[in-house]
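Spelled out, the chains give:
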Amino acid sequence: MKRTTLLHAELSHAIASLGHGDMLVIGDVGLPIPPGPRRIDLALTPGIPAVADVLRTVLSEMQVERAVIATEAVAREGGALPAWCALPVTPDQVPHEDFKRLTAQARVMVRTGECTPYANVVLVAGVTF
């Protein structure tokens, strides 16, 4: 059952179509999108929408079992999670090259207008019961 309303119909449909263990990636403008995953491009201008805004909206709709971010994102913050990374679970950290390889397994990739390096997250769908 849908809990809230997303403004973007394609993103709402993609989230509703996720099964347990399916991956959705939210990425900055520089994250390469491999062939295979469904692509949803939300970028309007540099910085809009921000990864934090898209992540917050997606989390209002999606049950997250696991998350993955790049170790480089944490290193940029001196060992702390980046401010944009407000997740309901502690994210696993992998090198950025491994992160990019992981995206090929995603069902959906969402491109934001974010210009911050390594502002990318893989969300693994959980179940709502």
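Nothing here was measured: the structure is a model prediction, and the numbers come from that model.

Conventions used here
- Residues numbered from 1 in each chain as written.
- Predicted model: local features only at pLDDT ≥ 70, side-chain atom pairs only at ≥ 80, totals over all residues.
- Heavy atoms only, no water.
- Pairing = 2+ DSSP bridges.
- Helix = DSSP H or I, 4+ residues; strand = E, 2+ residues; numbered from the N terminus.
- Axes fitted to C-alpha atoms, helices over the stretch in contact; angles between N-to-C directions.
- Contact = heavy atoms within 4.5 Å.
- Core = buried A, V, L, I, M, F, W, Y, C linked by side-chain atoms within 4.5 Å.
- Buried < 20%, exposed > 50% of the residue type's maximum accessible area, 1.4 Å probe, protein only.

K.L.:
Could you give an account of the sheet that holds strand 4 (residues 92-94), with specific residues and numbers?
P.N.:
Spatial ordering of the open sheet is given by 2-5-1-6-3-4, a layout of six strands whose pairing is mixed. Only two strands of the sheet have a single partner each, and these edge strands are strand 2 (38-41) and strand 4. Looking at each pair of strands side by side, their axes are set apart by 20° on average, direction ignored. As paired elements, strand 2 and strand 5 (residues 108-111) share four bridges and run parallel to each other. Paired with R39 across the bridge in strand 5 is M109. Its contacts with the sheet put helix 4 (residues 96-103) on strand 1 (23-27), strand 3 (64-70), strand 4, strand 5 and strand 6 (121-125), and the angle it makes with strand 3 is roughly 135°.

K.L.:
I'd like to hear about the nonpolar core, residue by residue, with values.
P.N.:
In terms of nonpolar packing, the biggest core is built from 28 residues, with L24, I26 and L123 touching the most fellow members. When residues of this core are assigned to their parent elements, the largest contribution, five residues, is made by helix 2 (residues 51-59). Apart from residues no more than four positions distant in its own chain, I26 is found in contact with V51, V54, L55, V58, V110, T112, A119, N120, V121 and L123. Within the second largest apolar cluster, 10 residues are counted, among which are F99, L102, M109 and V124.

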